[in-house]
Amino acid sequence: MGHPFPIREIARQAGLSEATVDRVLNGRGGVRESTAREVERAIADLDRQRTQVRLVGRTFMVDIVMQAPERFTTAVRGALEAELPALHPAVVRSRFHFRETGPVAELVRTLDRIARRGSQGVILKAPDVPEITAAVGRLRSADIPVVTLVTDLPASGRLAYVGSDNRAAGATAAYLMGQWLGDRPGNVLTSLSSGFFRNEEEREMGFRSAMRARHPDRTLVEIAEGQGLDATQYDLVRAALERDPEIRAVYSIGGGNIATLRAFADLDRECAVFIAHDLDHDNTRLLREHRLSAVLHHDLRQDMREACHLVMRAQGALPPAGPTLPSAIQVVTPYNMPAATNR
């Protein structure tokens, strides 16, 4: 496990004691396999962030806690690490706590561990449930600011929300859907990963409200709890298509789009319009192949930059600023993909 980093730096990155890291690095035993993996991840994170480690300036250790499919957490990690050099002369170091699914209690334990261990700030994507709200309150009591990312927890003690206006995004999807379907018959499948994420609930409400106002005769068919994972999404979509032969379009709020398209193909059904969210690696490929009609996207790099600035302001390192504005909603088609993804 070769590396150029002091044990102290690795221990801080991993959130472990120096003695534990020393045992792992020197193969002395007495540590769990999961702990050894945490040390390996910490070294990998430090290696990606090593350009920042050498900068002279105030250091901020920020914890990124997210429940989301791997394709989205990978996009968030890449966006943050791309922004790190631009935060000079401050040094922002990040610890990542990612999971695709699981019980709320595990997320709460992660947040409580951070509260006990300490952090300059937490960037959080989590379901809007009372247990998470309470955990955010405990972080606030420990003087650790929390910035919610993409999906909000407005009843919690979070410092601010960073992301797009999700109701507006849903209404935008409805506008596009109505324009592109036109007078063609067909029902619209709306797909959520979970009803507990506020951003998805707000997108669905914005979409449903605009569709009712502009296209009251168009039937909407909802599926949920696929967690944005292909394995579960396929079964939900296929069952919906088998129940309703009139489904002709999809508004994908929560992801799992490869599986959704596979279900249509396996039943020899046409998907006339398919609107999705976020330019992750799956959606980028599907859009390039013209299998998606459009992706509603917001600049994750801008979001991560703003989240880091909010943490710095909370720690007194930057002057106060006005309220955080929602991220701009970009309608991306196969013909206007950002240069960074159009390769």
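Structure: above.
Residues numbered from 1 in each chain as written. Predicted model: local features only at pLDDT ≥ 70, side-chain atom pairs only at ≥ 80, totals over all residues. Heavy atoms only, no water.

Roughly 950 Å³ of internal volume is contained in the largest pocket. Elements with a minimum of two residues in the lining of the largest pocket: helix 1 (7-14), helix 3 (33-48), strand 1 (59-67), helix 5 (70-83), strand 2 (91-99) and helix 6 (104-117). (1 Å grid on protein atoms, 1.4 Å probe; cavity = no way out; pocket = protein on both sides within 12 Å on 5 of 7 lines; lining within 4 Å. Points joined across faces, edges and corners; volume = space filled by probe spheres on them. Helix = DSSP H or I, 4+ residues; strand = E, 2+ residues; numbered from the N terminus.)

Attention shifts here to the sheet that holds strand 8 (residues 247-252). Each strand in a sheet pairs with its neighbour through backbone hydrogen bonds, running either in the same direction (parallel) or in the opposite one (antiparallel). The strand order across the open sheet built from six strands is 7-6-8-9-10-11, with neighbouring strands paired in mixed fashion. Each edge of the open sheet is held by one strand with a lone partner, namely strand 7 (220-223) and strand 11 (330-332). Neighbour-to-neighbour, the strand axes of the sheet open up by a mean angle of 20 degrees, direction not taken into account. Note that strand 6 (residues 187-191) and strand 7 share four bridges and pair parallel. Bridging from a neighbouring strand, leucine 189 pairs with valine 221 of strand 7. Of the strands in this sheet, strand 6, strand 8, strand 9 (273-277), strand 10 (294-297) and strand 11 touch helix 8 (residues 166-181), which is tilted by about 165 degrees from strand 9. (Pairing = 2+ DSSP bridges. Axes fitted to C-alpha atoms, helices over the stretch in contact; angles between N-to-C directions. Contact = heavy atoms within 4.5 Å.)

What follows concerns helix 8. End to end, helix 8 covers 22 Å across 16 residues, agreeing with the expected 22 Å (1.5 Å per residue, within 8%). Among all positions of helix 8, only Asn166, Ala169, Gly170, Ala173, Ala174, Leu176, Met177, Gly178 and Leu181 are buried. Between a side-chain oxygen at the N-terminus of helix 8 and the backbone nitrogen of arginine 167 the separation is 3.2 Å; the capping residue is aspartate 165. Phi turns positive one or two residues past the end of helix 8, at glycine 182, with a value near 60 degrees. (Expected span 1.5 Å × (residues − 1). Buried < 20%, exposed > 50% of the residue type's maximum accessible area, 1.4 Å probe, protein only. Polar contact = N/O pair within 3.5 Å; in protein donor to acceptor, adjacent residues only side chain to side chain.)

This paragraph deals with the packing of helix 5 against helix 13 (residues 300-314). Here helix 5 crosses helix 13 at 65 degrees, and the two axes come no closer than 8 Å. In this structure, helix 5 crosses over helix 13, and the sense of that crossing is right-handed. Between helix 5 and helix 13, the contacting residues are Phe72, Ala75, Val76, Ala79, Leu80, Ala82 and Glu83 on the first element and Leu300, Arg301, Met304, Arg305 and Cys308 on the second. In terms of residue class, the contact of helix 5 with helix 13 is made up of nine nonpolar, no polar and three charged. (Left-handed = near helix turned anticlockwise from the far one by under 90°. Nonpolar A, V, L, I, M, F, W, Y, C, P; charged D, E, K, R; others polar.)

Of all hydrophobic cores here, the largest spans 27 residues; its most connected members are Ile64, Val76, Val92 and Leu149. Those elements giving two or more residues to this core turn out to be strand 1, helix 5, strand 2, strand 4 (146-149), strand 5 (160-162) and helix 13. (Core = buried A, V, L, I, M, F, W, Y, C linked by side-chain atoms within 4.5 Å.)

Regions of empty space are outlined by a rolling probe, equal in size to a water molecule, passed over the atoms. Applying the stated rule across the entire model yields two cavities of 30 Å³ or more. Considering only enclosed or pocket space, the largest cavity measures out at about 270 Å³ in volume. Lining the largest cavity are 24 residues, and of these Pro69, Lys125, Glu200, Gly254 and Asp278 sit closest to its centre. In terms of residue count, helix 9 (residues 198-214) provides more of the lining of the largest cavity than any other element does, three residues in total. Size it by volume and the second largest cavity reaches roughly 50 Å³. Ser164, Asn166, Ala169, Arg203, His277, Asp278, Leu296, His297, His298 and Ile329 together form the lining of the second largest cavity. For the lining of the second largest cavity, the secondary structure elements donating two or more residues are helix 8 and strand 10. In the lining of the second largest cavity, the residues fall into three nonpolar, five polar and two charged.

Turning next to the environment of valine 108. Mapping valine 108 onto the fold places it in helix 6. The class of valine 108 is buried, set by a relative accessible area of 13%. Spatially, the C-alpha atoms of valine 108 and arginine 158 are 15 Å apart, while their sequence positions differ by 50 residues. Residues in contact with valine 108, not counting those within four places in the same chain, are Glu131, Ile132, Ala135 and Arg138.

Next up on the list: the environment of alanine 173. Looking at where alanine 173 falls in the secondary structure, it is placed in helix 8. Residue classification places alanine 173 among the buried residues on the basis of a relative accessible area of 0%. Sequence separation between alanine 173 and glutamate 18 is 155 residues, and the spatial gap between their C-alpha atoms is 50 Å. Discounting residues that sit within four places of it in the chain, alanine 173 has contacts with Phe207, Tyr251, Ile275 and Leu296.

All chains considered together, the criterion is met by two aromatic pairs. Geometrically, the ring pair formed by phenylalanine 96 and phenylalanine 98 is tilted, given 5.3 Å between the ring centres and 55 degrees between the ring planes. By relative accessible area, phenylalanine 96 is classed as buried at 13%. The class of phenylalanine 98 is partly exposed, set by a relative accessible area of 26%. The ring of phenylalanine 96 carries arginine 77 above its face, with NZ or CZ at 4.2 Å from the centroid. The side chain of lysine 125 reaches across the aromatic face of phenylalanine 197, ending 4.0 Å from its centre. (Phe/Tyr/Trp six-rings, centres within 6.5 Å; stacked < 30°, edge-to-face > 60°. Lys NZ or Arg CZ within 6 Å of the ring centre and 35° of its normal.)

Right, let's talk about the side chain of serine 156 for a bit. For serine 156, the position within the fold is in the loop between strand 4 and strand 5. Among the residues examined, serine 156 registers a relative accessible area of 14% and is labelled buried. Within the structure, the side chain of serine 156 is placed 2.7 Å from the backbone oxygen of leucine 153, a separation counted as a polar contact. Discounting chain neighbours no more than four positions away, the residues touching serine 156 are Thr133 and Val136.

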